[in-house]
Amino acid sequence: GGYLIAQLEQAGCKVLTPVDVNKRHGLIVYTNGSLDKDREVTEALTMANPKPIRVSTCSLGGIEGIRVATNFFNTKEDIDTLVAAQKSFNETGKC
């Protein structure tokens, strides 16, 4: 989770999951600034080429964002693919 958090922050995303390893679990939640934007990103990620990226948009208990299960993205390469697609979306509107 720590690697994903660092990469998302470097990509300009706001990570909502606690950074402290003792206060987090395998789900990392981050946002692009609004739930509408997060939904747009989630849709783009799930249709990314060459391989869809499985994430979900969540809104629960006042926390809204994109949820990433680190047990699904369990290699550095998986996380790098996710972050590269997020960066591409931030720059071009496409993954």
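Notes on the structure follow. In this text, all values refer to a predicted model and were calculated from it rather than measured experimentally. (Residues numbered from 1 in each chain as written. Predicted model: local features only at pLDDT ≥ 70, side-chain atom pairs only at ≥ 80, totals over all residues. Heavy atoms only, no water.)

## Quick look at the pairing of strand S2 (residues 27-31)
Going by this rule: Buried residues are those whose accessible area, probed at 1.4 Å on protein chains only, stays under 20% of the maximum for their type, while exposed residues exceed 50% and partly exposed ones sit between those limits. A run of DSSP states H or I qualifies as a helix once it reaches four residues; a run of E qualifies as a strand once it reaches two. Both are numbered from the N-terminal end. Here, strands pair whenever DSSP counts at least two bridges between them.
Counting buried positions along S2 gives four out of five residues, so the element sits mostly inside the fold. As paired elements, strand S1 (residues 14-15) and S2 share two bridges and run antiparallel to each other. Its bridge partner lying in S2, Lys14 is registered against Thr31. Pairing analysis gives four bridges linking S2 to strand S4 (residues 63-69), with the strands arranged antiparallel. Each bridged residue has a counterpart across the sheet, and for Ile28 the counterpart in S4 is Val68.

## Side note on the sheet that holds strand S3 (residues 56-60)
A sheet is described by the order of its strands in space; here four strands give the open sequence S1-S2-S4-S3, paired in antiparallel fashion. This sheet does not close on itself; its edge strands, each paired only once, are S1 and S3. Examined bridge by bridge, S3 and S4 share five bridges and lie antiparallel to one another. Across the sheet, residue Thr57 finds its bridge partner in S4, namely Ile66.

Geometry only, nothing functional implied.
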